[in-house]
Amino acid sequence: MFATENNALKLKVTFKRVPALDKCFAMLDLMSRTKRAMGISDLSNTLGYHKSTVFNMVHTLVDLGVLENGSESKFRFGPRLYALGKAAGGGSELVSTIHPYLEEIGERTRLSVFLGVRSGSRAVILDKVDSPTDIRISSEVGMAIPIFAGAGGRMLLSQLSDAELDSMLSESKLVKFTSVSCVNKKKYKEMIKRAKQEGFALDDEEYVEGIRALAVPLQLHRQNLVAAVWVVGLKSQIKDESIPAFTSMLQDISEMIETRL
C-alpha cells in the first residue's frame with residue numbers, strides 16, 4: 001500500500017509484530033534503567049511476565065553472550081551486547097578509524113591482530129585482522145576472553161589503578177591454563193606492573209600451549225574505556241629474535257592511533 005505525505009511518496013509496510021521481541025527489549029530496557037544485576041523473579045515481578053517466559057528469554061540471551069549469569073543467579077549485560085554497543089554510534093567510528101592500522105600490523109607481522117577493550121573481568125574483542133598464513137590463530141569479534149588470560153588482558157589490567165587491580169585480584173581466582181600460567185597473585189601483580197613500566201606484555205604459552213602473543217596499551221581518550229592491541233601467533237611465528245622488532249612496531253603504531261584519535 002502506498003500513501004503520500006508532504007509530497008513525498010512513502011511505502012507503508014504491513015507486518016506481524018513479534019511479541020517475544022517486545023518482551024525481550026522491555027527486559028533489556030529495564031536492566032539498563034536499573035543499572036544492576038537482576039534475578040529471574042525480580043524481572044518477572046517487575047515486568048509482569050510469567051517466570052517461565054523470563055527464564056527462557058534470559059537463558060537464550062546468556063547463550064548468545066548478550067547477558068551474563070553473575071553471582072547469586074543474577075544477570076547482567078554480557079560482552080556481546082557490549083561489543084554491539086561499541087559498534088553503534090561513536091563506537092563504529094572508533095573501530096573504522098583504527099582498523100587500517102590493524103591491517104598494517106597484520107601485513108608487517110603476518111600475525112593475527114586484535115583490538116580489545118575491558119568489560120568487567122573480560123577482554124572483549126572489538127575488531128580483528130586475521131593472519132594471511134594458512135595456519136593462524138583467530139577469534140570472533142565480540143568474543144570475551146578472561147581478563148587474566150594472555151598478553152591482551154595483562155595490558156588492559158596495567159591501565160587500572162592499584163586499588164582497582166587489587167580489588168579485581170581479591171575477587172578472582174587465577175586459572176592455570178597451561179603448565180607455565182602464573183597463579184600466584186603477588187607474582188601476577190608484579191608482571192602487570194612490569195608490563196606497565198615497559199609498555200608491552202608478552203604471553204609465552206601462558207594461555208594456550210604453543211601460542212605466543214604481544215600486546216601494547218591503547219589510550220582511546222574515552223572515559224571508562226580501557227583498550228589494547230595485540231598480535232597472536234605460533235611460537236615459531238613469534239621467535240625470540242623478532243620480539244623486540246614486533247614490540248617496537250606495535251608501540252609506534254599505537255602512538256599513531258592515539259595521535260589520530
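The structure contained in this document is the topic of the report that follows. This one's a predicted model, so the numbers in the text were calculated from it and none came from an experiment.

### Quick notes on the pattern of salt bridges
Okay, step 1: For the structure shown, the criterion picks out 14 salt bridges.
Okay, step 2: With its nearest N and O atoms 2.7 Å apart, the salt bridge here joins R212 to D240. Within this pair, whereas R212 is found in strand β9 (residues 211-218), its partner D240 is found in the loop between β10 (227-234) and α9 (243-260), the two being separated by 28 residues in sequence.
Okay, step 3: Look at R212 and you get buried, because its relative accessible area is 4%.
Okay, step 4: Judged by relative accessible area, which is 53%, D240 ranks as exposed.

### What about the layout of surface pockets?
Okay, step 1: Empty space within the largest pocket amounts to approximately 290 Å³.
Okay, step 2: As for the largest pocket, its lining consists of 20 residues, and the residues nearest its centre are I137, I145, Y207, W230 and V232.
Okay, step 3: Contributing elements (two or more residues each) for the lining of the largest pocket: β6 (122-129), α6 (150-157), β9 and β10.
Okay, step 4: Sorting elements by how many residues they give to the lining of the largest pocket places α6 first, with four residues.
Okay, step 5: Of the residues contributing to the lining of the largest pocket, the split by class is 14 nonpolar, five polar and one charged.

### Focus on the environment of Q159
Okay, step 1: By the secondary structure assignment, Q159 is in the loop between α6 and α7 (162-171).
Okay, step 2: For Q159, a relative accessible area of 23% corresponds to the partly exposed category.
Okay, step 3: Along the chain, Q159 and L218 lie 59 residues apart, while their C-alpha atoms are 9.4 Å from each other.
Okay, step 4: Not counting residues up to four positions away in its chain, the partners in contact with Q159 are P217, L218, Q219, V226 and A227.
Okay, step 5: A polar side-chain atom of Q159 sits 3.4 Å from a polar atom in the side chain of Q219.

### Digging into empty space enclosed by the protein
Okay, step 1: Applying the stated criterion across every chain, the model contains one cavity of 30 Å³ or more.
Okay, step 2: A volume near 90 Å³ is recorded for the largest cavity.
Okay, step 3: Forming the boundary of the largest cavity are F148, A149, G150, R154, L174, V175, F177, S181, C182, Y188, E206 and Y207.
Okay, step 4: Residue classes in the lining of the largest cavity are distributed as eight nonpolar, two polar and two charged.

### A word on the packing of α6 against helix α8 (residues 185-198)
Okay, step 1: Where α6 contacts α8, the two axes come as close as 9 Å, and the packing angle between them is 80 degrees. In terms of orientation, α6 and α8 fall into the roughly perpendicular class. Every residue of α8 that contacts α6 at R154, M155 and L157 is listed here: Y188, M191, I192, A195 and K196.
Okay, step 2: Taken together, the residues of the contact of α6 with α8 sort by class into six nonpolar, no polar and two charged.

### A look at the sheet that holds strand β8 (residues 201-204)
Okay, step 1: Reading across the sheet, the six strands line up as β7-β6-β5-β10-β9-β8 and stay open at both edges, with antiparallel pairing between neighbours. Two strands lie at the open edges of the sheet, namely β7 (144-146) and β8, each paired on one side alone. Averaged over all neighbouring strand pairs, the angle between strand axes comes to 30 degrees, with direction disregarded.
Okay, step 2: Relative to β7, β6 is paired through three bridges, and the arrangement is antiparallel. For R122, the partnering residue across the bridge sits in β7 and is P146.
Okay, step 3: Those strands touched by α9 are β8, β9 and β10, and its axis lies near 30 degrees from that of β9.

### Observations regarding the pairing of β10
Okay, step 1: Burial of β10 is extensive: seven of the eight residues sit out of reach of the surface.
Okay, step 2: As paired elements, strand β5 (residues 112-119) and β10 share six bridges and run antiparallel to each other. Bridge pairing links V117 to A227 in β10.
Okay, step 3: Where β9 lies against β10, eight bridges are found, and the strand directions are antiparallel. Among the inter-strand pairings, A215 is bridged to a residue of β10, identified as W230.

### Structural notes on the nonpolar core
What tends to happen in soluble globular proteins is that the nonpolar side chains get buried as a cluster.
Okay, step 1: Ranked by internal contacts, the top residues of the largest apolar core, which has 29 residues, are I147, F148, L157, Y188 and W230.
Okay, step 2: Of all the secondary-structure elements, those providing two or more residues to this core are β6, α6, α7, α8, β9 and β10.
Okay, step 3: The next biggest cluster of nonpolar side chains, apart from the first, holds 28 residues, and it includes L126, L214, L225 and V231.

Rules used in this analysis
- Residues numbered from 1 in each chain as written.
- Predicted model: local features only at pLDDT ≥ 70, side-chain atom pairs only at ≥ 80, totals over all residues.
- Heavy atoms only, no water.
- Salt bridge = Lys/Arg side-chain N within 4 Å of Asp/Glu carboxyl O.
- Helix = DSSP H or I, 4+ residues; strand = E, 2+ residues; numbered from the N terminus.
- Buried < 20%, exposed > 50% of the residue type's maximum accessible area, 1.4 Å probe, protein only.
- 1 Å grid on protein atoms, 1.4 Å probe; cavity = no way out; pocket = protein on both sides within 12 Å on 5 of 7 lines; lining within 4 Å.
- Points joined across faces, edges and corners; volume = space filled by probe spheres on them.
- Nonpolar A, V, L, I, M, F, W, Y, C, P; charged D, E, K, R; others polar.
- Contact = heavy atoms within 4.5 Å.
- Polar contact = N/O pair within 3.5 Å; in protein donor to acceptor, adjacent residues only side chain to side chain.
- Axes fitted to C-alpha atoms, helices over the stretch in contact; angles between N-to-C directions.
- Parallel < 35°, antiparallel > 145°, perpendicular 65-115°, else oblique.
- Pairing = 2+ DSSP bridges.
- Core = buried A, V, L, I, M, F, W, Y, C linked by side-chain atoms within 4.5 Å.

Such coordinate-based values are descriptive only and should not be taken to indicate function.
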